[in-house]
Amino acid sequence: MLKLVEPEQSGKVALDVYSADARLSAIVRGLTQQAALATRQFQGTVWMINSTATGGGVAEMMPTMLKLLNELGIAARWAVIDSDRPEFFRLTKRLHNLLHGQIEAGIDLSSEDAQLLAEVGRDNAEQLAHHIKPGDTIIVHDPQPVAMAGILKKLVPVHTVWRCHIGVDERNAATRAAWRFLQPFLSEYDRTVFSAPEYIPSYLADHAMLIYPAIDPNSHKNRELTVHKMVGILCNSGCQTPYEPLLTEPFNELVRRIQPNGDIVPPGEIGLLFRPIILQVSRWDRLKGFKPLLDAFVKLKKIETPRRKSALSPRNQQRLELCRLIFAGPDPRGVSDDPEGKEVFNEIMQSYLSLDELLKTDIAILLLPMTSRRENALIVNALQYCASLVVQNSLREGFGLTVTEAMWKGHAVLGTRAVGIRQQIRDGIDGCLTHDPTDSDEIAGHLAGMLCSPGQRFAMGRSARFRVYESFLIFSQLGRYLDLFTVLKSAG
Ligand code: UDP
């Protein structure tokens, strides 16, 4: 049964709350002016259609997007498709994996598969048709509801857009099979939207536009924290020993840390508030490049030869001596549907446990509780605030919101040339990019270079923040949606 989701009315998400913030008022004013022009031409309701109301980046941002679009004068609603046919979700999962280039599952997609996608699309389109009016716009997110446009258009004349949040720049037999399979469905759309030019299949080149993913600067993960709030979060989550009484209660579930003896218990003191901190936050996924980063940190700590050491000022020698590496990822106890994540986590744990005792104290592998999205987001926020240097050593990255989040907090990020990351970080301007995320010597060189050049690091961090302000906040994303509505209108 198709579900219409009524977003909660959150007092914090309102244009005037954003525009009251000195840092955001200009960008919000620009957006309001753009919307005033767009709404003169654009009529009807915008329908966002996806396959889940909770979980995942798309669903997470949707309530905020809808609330703001409505405030800007664009009527916007949200419908979530459903099906009682488990084979449909097996197919869309397979399609998702193929679009990511995973050949293992077999690349055959049959005409029965196409029929299944069409039948579920038809069921949902017929239900939605009762709610939509001629001239409305439907924005279909990702492959699950992709078949709806062709069917809906025959029932009611609507504008149709397909928004693809998936992206890999490599092409192989799997991606080619998936894009070939989707082609008849996608040819029904007036426009398609991707997150990077590299992700657009050639047959859509003339109908595609770009909209970058974005962050909400008022979300729990990205809002500004006062020093007391930040210290409170660190203490309440178990990441910092409280030396004074605290106003707030401990979180329901605490962060856990792999201890040097292999136990996994709350961390206590890790020096987050005092030491130079190198941080990577990610799911436990091999493509996030944890292992080479760990190896690089070990090399960084072993810059012992007198010649190399004497090239550093005493302050920088001290920096490298004191610095610590933090890996933060979801507590596998809270992520039941990710067996591969557990496997990767175990591999990282084994690498950690094989290190010298002294090194182990300088590396904290943190498991963040997932039971409360709010507490998880606040912990990520506080950790990112404490970092001296944020790293995202991904071998592949669709976009890399962790990079955006850190840049927004004024950090120079050490990233890689994975599409999503190089799209955000301009090498040497907003941060640095390694050439090879598997080369631990190269990574170690960058870590030392960036840590030991605080002036340059701060300048890059300033630039990083401005880059996010200009391109990767929710306001830019909404502005691009307004552009899209104008294009649709002028195309008739
Ligand atoms: N994240 C989180 N808790 C964790 C690990 C990651 O909240 O323990 C968040 C992270 O802050 C970011 C998102 O998950 O907002 C990951 O998005 P990204 O685009 O970086 O990578 P993906 O996981 O989608 O590959």
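Everything below is about the structure printed above this text.
A brief report on the enclosed structure follows. Only a predicted model underlies this, so the values are computations on that prediction, with no experimental measurement involved.

Of regular secondary structure, the protein possesses 19 helices and 15 strands. By principal-axis analysis of the C-alpha atoms, the protein measures approximately 75 × 50 × 40 Å. Considering only contacts in the protein between residues 6 or more positions apart, those separated by 24 or more positions represent 72%. Accessible surface for the protein amounts to roughly 21400 Å². Of this, 53% is attributable to carbon and sulfur atoms. A gap of 5 Å separates the mean positions of the 55 positive and 55 negative side-chain charges of the protein.

Turning to the sheet that holds strand 8 (residues 256-258), a few remarks are in order. The mixed open sheet is built from eight strands, whose spatial order is 9-8-12-11-10-13-14-15. Either end of the sheet is taken by a strand with one partner, and the two such strands are strand 9 (264-265) and strand 15 (431-433). When strand 13 (residues 389-391) meets strand 14 (residues 413-415), the two strands line up parallel, connected through two bridges. Pairing of Val391 across the sheet is with Leu414, part of strand 14. Sitting on the sheet, helix 17 (residues 440-451) touches strand 10 (277-281), strand 13, strand 14 and strand 15, and the angle it makes with strand 14 is about 165°.

All right, on to the side chain of Thr160 then. Secondary-structure assignment places Thr160 in strand 5 (residues 159-163). In this structure, Thr160 is in contact with Ile138, Ala149, Lys153, Glu188, Tyr189, Asp190 and Arg191, ignoring residues within four places of it in sequence.

Moving on, we get to the packing of aromatic side chains. Going through the model one piece at a time under the given rule, you end up with 14 aromatic pairs. Measuring from centroid to centroid gives 6.1 Å for Trp162 and Phe194, while their planes differ by 75°, and the two rings are edge-to-face. Placement of Trp162 in strand 5 and of Phe194 in strand 6 (residues 191-194) is noted, with a sequence separation of 32 residues between them. With a relative accessible area of 0%, Phe194 lands in the buried category. Above the face of the Phe458 ring, Arg457 is positioned so that its terminal group lies 5.6 Å from the ring centre.

For a regular strand, the rule is simple: side chains alternate between the two faces of the sheet. Burial runs high along strand 2 (residues 46-50): five of the five residues are buried. Burial of strand 2 is two-sided: the residues Val46, Met48 and Asn50 facing one way and the residues Trp47 and Ile49 facing the other way are all buried. Direction of pairing for strand 2 relative to strand 3 (residues 76-80): parallel, over a ladder of five bridges. Counted as the bridge partner of Ile49 is Ala79 from strand 3. In this fold, strand 2 hands off to helix 3 (residues 57-71), which returns the chain to strand 3; that crossover is right-handed.

Counted residue by residue, strand 5 has five buried out of five residues, so it is predominantly covered. The alternating pattern of strand 5 places His159, Val161 and Arg163 and Thr160 and Trp162 on opposite faces, both of which are buried. The sheet contact formed by strand 4 (residues 137-141) and strand 5 spans five bridges and is parallel. Bridged to His141 within strand 5 is Arg163. The parallel pair strand 4 and strand 5, bridged by helix 6 (residues 148-155), forms a crossover whose chirality is right-handed. Two elements, strand 5 and strand 6, share three bridges in a ladder whose sense is parallel. Within strand 6, the position partnered with Val161 by the bridge is Arg191. In the classification by handedness, the crossover that spans strand 5, the intervening helix 7 (residues 173-186) and the parallel strand 6 is right-handed.

A general trend in soluble globular proteins is that nonpolar side chains are found buried together. Core analysis: the largest hydrophobic core is formed by 78 residues, its most contacted members being Met48, Leu272, Leu366, Leu383, Phe475, Leu484 and Phe485. Per element, the largest residue contribution to this core is eight residues, and it comes from helix 19 (residues 474-490). When residues no more than four places from it in sequence are discounted, the contact partners of Leu484 are Ile139, Val161, Arg191, Val193 and Met209. Among the nonpolar cores identified, the runner-up in size contains 45 residues, and Leu99, Ile132, Val140 and Val156 belong to it.

So, on to the pattern of salt bridges. If you walk through the whole model with that rule in mind, you get 29 salt bridges. For Asp295, the salt bridge is made with Lys291, and the minimal N-O distance between the two is 3.0 Å. Placement of the pair is Asp295 and Lys291 together in helix 9 (residues 290-301), with a separation of four residues, close to one helical turn. Exposure remark for Asp295: the relative accessible area of 26% places this residue in the partly exposed category. Residues Asp362 and Arg324 are paired through a salt bridge, measuring 3.0 Å at the closest nitrogen-oxygen approach. With a gap of 38 residues between them, Asp362 in the loop between helix 13 (357-361) and strand 12 (363-368) and Arg324 in strand 11 (residues 324-330) connect regions that are remote in the sequence. On the accessibility criterion, Arg324 (12% relative accessible area) is buried.

What follows covers the site of the ligand. Close to the ligand lie 15 residues, the nearest being Arg283, Lys288, Asn376, Leu401 and Glu405. Contacts to the ligand include Thr402, whose backbone N or O atom sits 3.2 Å from an oxygen atom. For the ligand, whose free accessible area comes to 540 Å², the fraction covered by protein is 81%. Every element with two or more residues in the shell around the ligand is listed here: strand 11, helix 14 (373-386) and helix 15 (401-408). The biggest single contributor to the shell around the ligand is helix 15, with three residues. Its residues placed into classes, the shell around the ligand shows five nonpolar, five polar and five charged.

Before going further, it helps to spend a moment on the environment of Arg77. Secondary-structure assignment places Arg77 in strand 3. The class of Arg77 is partly exposed, set by a relative accessible area of 31%. It is 7.2 Å that separates the C-alpha atoms of Arg77 and Thr45, two residues lying 32 residues apart in sequence. Non-local contacts of Arg77, meaning those with residues more than four positions away in its chain, are made with Leu4, Glu6, Thr45, Val46, Trp47, Met48 and Leu66.

Further remarks concern the sheet that holds strand 6. Here we have seven strands laid out as an open sheet, ordered 1-3-2-4-5-6-7, and mixed in their pairing. The sheet is open, and its two borders are formed by strand 1 (3-5) and strand 7 (208-210), each paired with just one other strand. Ignoring strand direction, the axes of neighbouring strands in this sheet form an average angle of 25°. Here four bridges tie strand 2 to strand 4, and the two strands are oriented parallel to one another.

Reading guide: rules and limits
Residues numbered from 1 in each chain as written. Predicted model: local features only at pLDDT ≥ 70, side-chain atom pairs only at ≥ 80, totals over all residues. Heavy atoms only, no water. Helix = DSSP H or I, 4+ residues; strand = E, 2+ residues; numbered from the N terminus. Contact = heavy atoms within 4.5 Å. Areas by Shrake-Rupley, 256 points an atom, 1.4 Å probe, with all protein chains shown as cover. Lys, Arg positive; Asp, Glu negative; His and termini not counted. Charge placed at Lys NZ, Arg CZ, Asp CG, Glu CD. Pairing = 2+ DSSP bridges. Axes fitted to C-alpha atoms, helices over the stretch in contact; angles between N-to-C directions. Phe/Tyr/Trp six-rings, centres within 6.5 Å; stacked < 30°, edge-to-face > 60°. Buried < 20%, exposed > 50% of the residue type's maximum accessible area, 1.4 Å probe, protein only. Lys NZ or Arg CZ within 6 Å of the ring centre and 35° of its normal. Right-handed = clockwise from strand over helix to strand, strands pointing away. Core = buried A, V, L, I, M, F, W, Y, C linked by side-chain atoms within 4.5 Å. Salt bridge = Lys/Arg side-chain N within 4 Å of Asp/Glu carboxyl O. Near = heavy atom within 4 Å. Polar contact = N/O pair within 3.5 Å; in protein donor to acceptor, adjacent residues only side chain to side chain. Nonpolar A, V, L, I, M, F, W, Y, C, P; charged D, E, K, R; others polar.

That is the geometry; function is a separate question.
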